[in-house]
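What follows is the residue order along each chain.
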Amino acid sequence: MEMAVGSHPTSKFTPKTLLLSSRNVEPTKNHGKTTLVDAMLRQSKVFRDNQFVQDRIMDSNDLERERGITILSKNTSITYNDTKINIIDTPGHSDFGGEVERILNMVEGVLLVVDSVEGPMPQTRFVLKKALEFGHAVVVVVNKIDRPSARPDYVINSTFELFIELNASDEQCDFQVIYASGLKGKAGLSPENLAEDLGPLFEAIVRCIPGPQIAKDGALQMLATNIEYDEHKGRIAIGRLHAGILRKGLDVRFSRVPAETVEAGDICAVCGIDDIQIGETIADKISGKPLPTIKVEEPTVRMAFSINTSPFVGREVCDSTVVIFYSTRKYVTSRNLRDRLYRELERNLAMKVEDGETSDTFIVSGRGTLHITILIENMRREGYEFMVGPPKVINKKVDDKLLEPYEIAIVEVPEEYMGPVVELLGRRRGQMVDMQGTGSEGTTLMKYKIPTRGLLGLRNSILTVSRGTAVLNTIFDEYGHWAGDISTRDQGSLVAFEDGTSTSYALSSAQERGQMFIGPGVDVYKGQIVGIHQRPGDLSLNVCKKKAATNVRSNKEQTVVLDTPLDYSLDDCIEYIQEDELVEVTPSSIRMCKNPKLIKKSR
């Protein structure tokens, strides 16, 4: 098989000419950074004038486009005058912090993108702290400056205070500020005077971000920061060349890899090294030295994955018709599950996988519930069937004292719903740290320090009490003393009493006991959760009961009016379940059920 080494596919320019003043820039925080990158790509003429280009170009993953967030770090290149700029777009959500940590040694500077109204958010603190520790230069971009309630002075002051809190150097605190509208593709040095393009932003990057610290004539050094797989080329290592030249026929420590020339300072993809791992260095065979390894924060939440043991395993349910099929894309065994989970570790540095108590159970640890949920959704789309238990926090013991993870939660809520939200966070052991108004939009910004346990299932609850208007952002803060017992759910579950197909007759009486997850004509099995009980404790009921036939003729059949069933997503189901419950995940369905192992133990 032919091996190849080359620049990233989007880097079509001659590296030798442009590397003299190349810049690597990392936009951070989900305040419109991907939209800003779209405008930078368009204005640097990466695309033809008549070429159709979709919005949020860098969010190429299906899940990213569906959820409207960046999940994976991705890089591209543009040119401005005679300068080549490598751009790495990173996730703004704290659950994907590992994606940020593994690429920080590839950049010389950071574009810190903050919203013109909200200012720095919890995720901003995490990414900025890591960038400052690396000594990177920072250009602050106040984005969405065209919002009616924009308050740039407040945002700049808050950002400066954040720099001070994170022990930034004097040089780092003297940051350049650019005001921009990524959607309109405009930028300027003042909020009232924006240019017609992003020229001021490009000029700031060239002026404020230093050139690459490379040893062009030194021994080859390249740190693999990402791993991809191609059916034809095999394993592909993506990273930045820190020293030397990678050229066709060069003998490296791993293997002989024919390639086109790549020079120090550029980001490249290397094919043909079968056993390369993230964090390993490709170095000159004779005089090469390893680069520092990539360090990431420890996981704070874990979930148990196990094989699907429900009566519906291996079959798909479409309305009232059961379709049984056998496919090579259907993975249901413990070996399938194990192989897939351990393969995830090859590129997901922030995740850990361990064998569970039984041969068909595996413990997956991540940065947060969303971090693990994204893995579950990807596996589901790949054809895997399995079950997952409720998320649990990872505690520590220090000097015989039990410590648990705490997070900083920022809640933005309209003033009329402040009371219920404050009461809810108080029951979750949250402690208010700060509260302030956010201007003409009539919302209040509240800052809490809360145990991670208190956040489990909080998102749905806070949306319920605020009528869907609250916005919640969280980030890990520290390990602190055990906060005491926390009740995350006040209501029990409605559980199917027997196997069968749900009927309108049975559901008409069942809905009087709570809110239902299913409608009529749905196949269910004994132990499946079919609704939310309106009171504490579980209630078993028969949702498959049929109306008894009689010889008495009725002049008019009674009309059955059913409430619309709740439509829970994967995220909703994982937030809902408790210790004795599981989420059943299949390629086409998501169901919840009682854990049969725990039911047997309780008996």
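Everything quoted here is computed from the prediction, not taken from an experiment.

Caption draft 1: Broad picture of the overall build of the protein chain. When helices and strands are counted, the protein chain shows 16 helices and 34 strands. Here the protein chain holds 603 residues, and the buried ones make up 53% of them. When contacts within the protein chain are restricted to residue pairs at least 6 apart in sequence, those whose partners lie at least 24 apart make up 72%. Accessible surface for the protein chain amounts to roughly 28900 Å². Of this, 48% is attributable to carbon and sulfur atoms.

Caption draft 2: Layout of the packing of helix α9 (residues 334-344) against helix α10 (residues 369-381). For the pair α9 and α10, interaxial distance at closest approach is 12 Å and the crossing angle is 130°. As judged from the angle between their axes, α9 and α10 are oblique. In terms of crossing hand, the pair formed by α9 and α10 is right-handed. Only Leu375, Asn378 and Met379 of α10 make contact with α9, whose side of the interface consists of Leu337, Arg340, Leu341 and Glu344. Residue composition of the contact of α9 with α10, by class: 4 nonpolar, 1 polar and 2 charged.

Caption draft 3: Geometry of the nonpolar core. Counting residues in hydrophobic clusters, the biggest one holds 37 residues, and the most contacted among them are Phe305, Leu341, Ile376, Phe386, Val530, Val543 and Val583. Counting 29 residues, the second largest nonpolar core, distinct from the first, contains Val127, Val140, Ile145 and Ile408.

Caption draft 4: Summary view of helix α6 (residues 152-165). With 14 residues, α6 extends 20 Å from end C-alpha to end C-alpha; this agrees with the ideal 20 Å at 1.5 Å per step. Every buried residue of α6 is listed here: Pro152, Val155, Ile156, Ser158, Thr159, Leu162 and Phe163. On an axial view of α6, the arc spanned by its buried residues comes to 165°, and they lie on one face. Asparagine 167 sits one or two residues past α6 and shows a positive phi near 60°.

Caption draft 5: The arrangement of the environment of methionine 303 in detail. Mapped onto the elements, methionine 303 comes out in strand β15 (residues 301-307). For methionine 303, a relative accessible area of 1% puts it in the buried group. Discounting chain neighbours no more than four positions away, the residues touching methionine 303 are Phe362, Ile363, Val364, Ile372, Ile376, Val388, Gly389, Pro390, Pro391 and Ile574.

Caption draft 6: Structural context of the sheet that holds strand β32 (residues 539-541). Read from one edge of the open sheet, 4 strands run β29-β31-β27-β32, paired in mixed fashion. Every interior strand has two partners, whereas the edge strands, β29 (514-516) and β32, have only one. Adjacent strand axes in the sheet meet at a mean angle of 30°, parallel and antiparallel pairs treated alike. Where strand β27 (residues 493-496) and strand β31 (residues 529-533) come together, 3 bridges link them in antiparallel fashion.

Caption draft 7: Expanded view of the pattern of salt bridges. Taken as a whole and judged by the stated rule, the model has 21 salt bridges. Measuring nitrogen to oxygen at the nearest pair gives 3.2 Å for the salt bridge that ties glutamate 377 to arginine 380. Of this pair, glutamate 377 and arginine 380 both sit in helix α10, separated by 3 residues, roughly a single helical turn. Each member of the pair, glutamate 377 as well as arginine 380, is classed as buried. A salt bridge links lysine 449 to glutamate 478; the nearest nitrogen and oxygen atoms lie 2.3 Å apart. With lysine 449 in strand β25 (residues 443-451) and glutamate 478 in strand β26 (residues 471-481), this residue pair connects regions lying 29 residues apart in the sequence. Lysine 449 gets classed as partly exposed once you look at its relative accessible area, which sits at 21%. Glutamate 478 gets classed as partly exposed once you look at its relative accessible area, which sits at 36%. One continuous salt-bridge network, built from bridges that share partners, spans Arg489, Asp538, Asp580, Glu581 and Lys594.

Caption draft 8: Structural context of the pairing of β31. Within β31, 5 of the 5 residues are buried, leaving the element largely enclosed by the surrounding structure. Sheet analysis places β29 next to β31, joined by 3 bridges and oriented antiparallel. In the sheet register, methionine 516 faces β31, and the bridge partner there is glycine 531.

Caption draft 9: Spotlight on the packing of helix α11 (residues 418-427) against helix α13 (residues 458-465). Running from N to C, α11 and α13 cross one another at 155°; their axes reach a closest spacing of 9 Å. As far as their axial angle goes, α13 and α11 are roughly antiparallel. The hand of the α11/α13 crossing is right-handed. For the pair α11 and α13, the contacting residues are Pro420, Val421, Leu424 and Leu425 in the first and Leu458, Ser461, Ile462 and Val465 in the second.

Caption draft 10: Local environment of the side chain of glutamate 412. Among the secondary structure elements, glutamate 412 is positioned in strand β23 (residues 401-414). No salt bridge is formed by the buried glutamate 412; the nearest opposite charge belongs to arginine 147, separated by 6.0 Å. At 3.2 Å, the side chain of glutamate 412 forms a polar contact with the side chain of threonine 443.

Caption draft 11: Inspection of the pairing of strand β3 (residues 74-80) at higher detail. Taking burial as the measure, the 7 residues of β3 include 7 buried ones, the bulk of the element. Residues of β3 alternate between two faces, with Lys74, Thr76, Ile78 and Tyr80 on one and Asn75, Ser77 and Thr79 on the opposite face, all of them buried. Direction of pairing for β3 relative to strand β4 (residues 83-89): antiparallel, over a ladder of 7 bridges. If you follow tyrosine 80 over to β4, its bridge partner there is threonine 83.

Caption draft 12: Representation of the packing of aromatic side chains in the model. Evaluated as defined, the whole model comprises 9 aromatic pairs. Seen from their ring centres, phenylalanine 312 and tyrosine 525 are 5.1 Å apart, and the 90° between their planes marks the pair as edge-to-face. Of the two residues, phenylalanine 312 is situated in the loop between β15 and β16 (315-318) and tyrosine 525 in the loop between β30 (523-524) and β31; the sequence distance between them amounts to 213 residues. Of the residues examined, tyrosine 525 reaches a relative accessible area of 3% and is grouped as buried. Here the aromatic rings of phenylalanine 517 and tyrosine 576 are separated by 5.8 Å at their centres, their planes lie at 90°, and the arrangement is edge-to-face. Placement of the pair is phenylalanine 517 in the loop between β29 and β30 and tyrosine 576 in helix α15 (residues 570-576), with a sequence separation of 59 residues.

Caption draft 13: Quick look at the environment of threonine 361. Along the chain, threonine 361 falls in strand β19 (residues 361-366). In this structure the C-alpha to C-alpha distance between threonine 361 and serine 306, which are 55 residues apart in sequence, comes to 4.4 Å. Dropping the residues within four chain positions of it, threonine 361 is found in contact with Ala304, Phe305, Ser306, Asp355, Gly356 and Lys597. A polar side-chain atom of threonine 361 sits 2.8 Å from a polar atom in the side chain of threonine 358.

Cut-off values and rules
Residues numbered from 1 in each chain as written. Predicted model: local features only at pLDDT ≥ 70, side-chain atom pairs only at ≥ 80, totals over all residues. Heavy atoms only, no water. Helix = DSSP H or I, 4+ residues; strand = E, 2+ residues; numbered from the N terminus. Buried < 20%, exposed > 50% of the residue type's maximum accessible area, 1.4 Å probe, protein only. Contact = heavy atoms within 4.5 Å. Areas by Shrake-Rupley, 256 points an atom, 1.4 Å probe, with all protein chains shown as cover. Axes fitted to C-alpha atoms, helices over the stretch in contact; angles between N-to-C directions. Parallel < 35°, antiparallel > 145°, perpendicular 65-115°, else oblique. Left-handed = near helix turned anticlockwise from the far one by under 90°. Nonpolar A, V, L, I, M, F, W, Y, C, P; charged D, E, K, R; others polar. Core = buried A, V, L, I, M, F, W, Y, C linked by side-chain atoms within 4.5 Å. Expected span 1.5 Å × (residues − 1). Arc of directions from axis to C-beta. Pairing = 2+ DSSP bridges. Salt bridge = Lys/Arg side-chain N within 4 Å of Asp/Glu carboxyl O. Lys, Arg positive; Asp, Glu negative; His and termini not counted. Polar contact = N/O pair within 3.5 Å; in protein donor to acceptor, adjacent residues only side chain to side chain. Phe/Tyr/Trp six-rings, centres within 6.5 Å; stacked < 30°, edge-to-face > 60°.

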